[in-house]
Amino acid sequence: NLGDLSPRALRVLSSVDLIAAEDTRNTASMLTAFGVRTRMMALHDHNESDVAGGLIARLAEGASVALVSDAGTPLISDPGYRLVSAVRTAGLPVVAVPGPCALIAGLSVSGLPTDAFSFIGFPPAKGAARRKWLQTYAAWPHTLVLYEASHRVAMLGEELPQLFGAERPVCVLRELTKRFEQAWSGPAAELSGWLSADANRLRGEFVVVIGPGAEATDDEDVDRVLRPLLRALEPSRAARVAAEILGLGKNALYQRALTLAGKRED
């Protein structure tokens, strides 16, 4: 995205000897908009191993090379790992030029715990391998961040409540930092309905943030969270907020909120 190119990144791209780009056509559009005429070459999943040696030779001779990917940060579900690893093994420096990273951007606005998280990339495409992969993370004790393709996100909406639990908190972020950016938060059971309510919600690139697996929480902890919330909120709203804070199901917390508020459900 043109708006996401920082002044530092622009200076680097203008001054290096060569830009290694995942797709030279996409990168050329960006460079042209900024008047950058640096020479480019393609570096992608299919040729990375073949071109790494030549790039290292150029770096050893004193040349400078910038690595860019089509969207976000190279190596994060994008090409570049083999090259960076080989450059470091050769004893040559690698310098980061920070820019957009969908997993960090998504995590930062998800409202889910950020003190510990795991980025787990893309789920397998289909079949038993996909289900087994998801089940591996179902009880993960901290926040999960994954990417999903537009043609599979509806399937994820069906799988998460089955494998992670209907009330597991989820935040789905679509087209981050782009014109049609959209975010939704709620329990896993409601994700499928939200996606199917509008065909546009099945388009674009997705970051999915999943709250930690619930740990045992005693009644004192629950009450300590609920009591101040009930001074300002109705029991149903207080239960929903407490569920987000504690990573617990909202139904049980709602019953406790009704008790603390001195009400009963008809």
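Data block above holds the structure.
These lines cover the structure that appears in this document, whether it is placed above or below.

Rules used in this analysis
- Residues numbered from 1 in each chain as written.
- Predicted model: local features only at pLDDT ≥ 70, side-chain atom pairs only at ≥ 80, totals over all residues.
- Heavy atoms only, no water.
- Helix = DSSP H or I, 4+ residues; strand = E, 2+ residues; numbered from the N terminus.
- Expected span 1.5 Å × (residues − 1).
- Buried < 20%, exposed > 50% of the residue type's maximum accessible area, 1.4 Å probe, protein only.
- Arc of directions from axis to C-beta.
- Contact = heavy atoms within 4.5 Å.
- Pairing = 2+ DSSP bridges.
- Phe/Tyr/Trp six-rings, centres within 6.5 Å; stacked < 30°, edge-to-face > 60°.
- Core = buried A, V, L, I, M, F, W, Y, C linked by side-chain atoms within 4.5 Å.
- 1 Å grid on protein atoms, 1.4 Å probe; cavity = no way out; pocket = protein on both sides within 12 Å on 5 of 7 lines; lining within 4 Å.
- Points joined across faces, edges and corners; volume = space filled by probe spheres on them.
- Nonpolar A, V, L, I, M, F, W, Y, C, P; charged D, E, K, R; others polar.
- Salt bridge = Lys/Arg side-chain N within 4 Å of Asp/Glu carboxyl O.

**Looking at helix α10 (residues 235-246)**
Owing to its 3.6 residues per turn, the α-helix brings residues three or four apart onto one side.
Item 1. The end-to-end C-alpha distance of α10, which contains 12 residues, comes to 16 Å, matching closely the 16 Å that a straight helix rising 1.5 Å per residue would cover.
Item 2. Listed as buried for α10 are P235, A238, A239, A242 and A243. Along α10, the residues classed as buried sweep out an arc of 140° about the axis, all on the same side.
Item 3. Contacts made by the buried residues of α10 are with α9 (219-230) and α11 (250-260).

**Focus: the pairing of strand β8 (residues 206-210)**
Item 1. The buried fraction of β8 amounts to 5 of the 5 residues, a majority that puts the element mostly inside the structure.
Item 2. Of the two faces of β8, the one carrying F206, V208 and I210 and the one carrying V207 and V209 are both buried.
Item 3. Sheet topology places strand β6 (residues 169-174) next to β8; 5 bridges connect them, and they run antiparallel. Looking across to β8, one finds that V172 is bridged to V208.

**Side note on the packing of aromatic side chains**
Item 1. The full count for this structure, using the stated rule, is 5 aromatic pairs.
Item 2. Aromatic pair F122 and Y147: ring centres 5.7 Å apart, planes at 70°, arrangement edge-to-face. You can see F122 sitting in the loop between β4 (117-119) and α6 (127-137) and its partner Y147 sitting in strand β5 (residues 143-148), a full 25 residues away along the chain.
Item 3. An aromatic cluster is defined as three or more aromatic residues linked by ring pairs; in this entry it consists of F119, F122 and Y147.

**Re the nonpolar core**
Item 1. Judged by nonpolar contacts, the single largest core of 21 residues is most densely connected at L160, F164, V170, V172, L191, V208 and I210.
Item 2. Elements represented by at least two residues in this core include exactly α6, β5, α7 (153-164), β6, α8 (191-196) and β8.
Item 3. At 5 residues, α7 tops the list of elements feeding residues into this core.
Item 4. Beyond its immediate stretch of four places on either side in the chain, L160 contacts G165, V170, A188, L191, V208 and I210.

**So, empty space enclosed by the protein**
Item 1. Across all of its chains, the model carries 1 cavity of 30 Å³ or more by this definition.
Item 2. Empty space within the largest cavity amounts to approximately 100 Å³.
Item 3. Forming the walls of the largest cavity are E167, P169, G186, P187, R240, A243, E244, L248, G249 and K250.
Item 4. For the lining of the largest cavity, the secondary-structure elements that each account for two or more residues are β7 (182-187) and α10.
Item 5. Looking at the lining of the largest cavity, the element that brings in the most residues is α10, giving 3 residues.
Item 6. Partitioning the lining of the largest cavity into residue classes produces 4 nonpolar, 2 polar and 4 charged.

**Some details on the pattern of salt bridges**
Item 1. According to the stated counting rule, one finds 8 salt bridges in the structure shown.
Item 2. Between R82 and E48 there is a salt bridge, with its nearest N and O atoms 3.9 Å apart. One end of the pair, R82, is in helix α4 (residues 81-89); the other, E48, is in helix α3 (residues 48-60), and 34 residues separate them in sequence.
Item 3. Classification of R82 by relative accessible area gives partly exposed; the value is 44%.
Item 4. For K178, the salt bridge identified is with E205, shortest N-O distance 3.0 Å. Here E205 lies in the loop between α8 and β8 and K178 lies in the loop between β6 and β7, a separation of 27 residues in the sequence.

**Structural notes on the side chain of D223**
Item 1. Within the fold, D223 resides in helix α9.
Item 2. On the basis of relative accessible area, D223 is assigned to the buried category, the value being 11%.

**Regarding α7**
Item 1. Over its 12 residues, α7 runs 16 Å from end to end, which matches the ideal 16 Å to within 8%, given 1.5 Å per residue.
Item 2. Every buried residue of α7 is listed here: V153, L156, G157, E159, L160, L163 and F164.
Item 3. Looking at the buried residues of α7, the elements they touch are α6, β5, β6, α8 and β8.
Item 4. Within two residues after α7, G165 carries a phi angle of roughly 105°, on the positive side.

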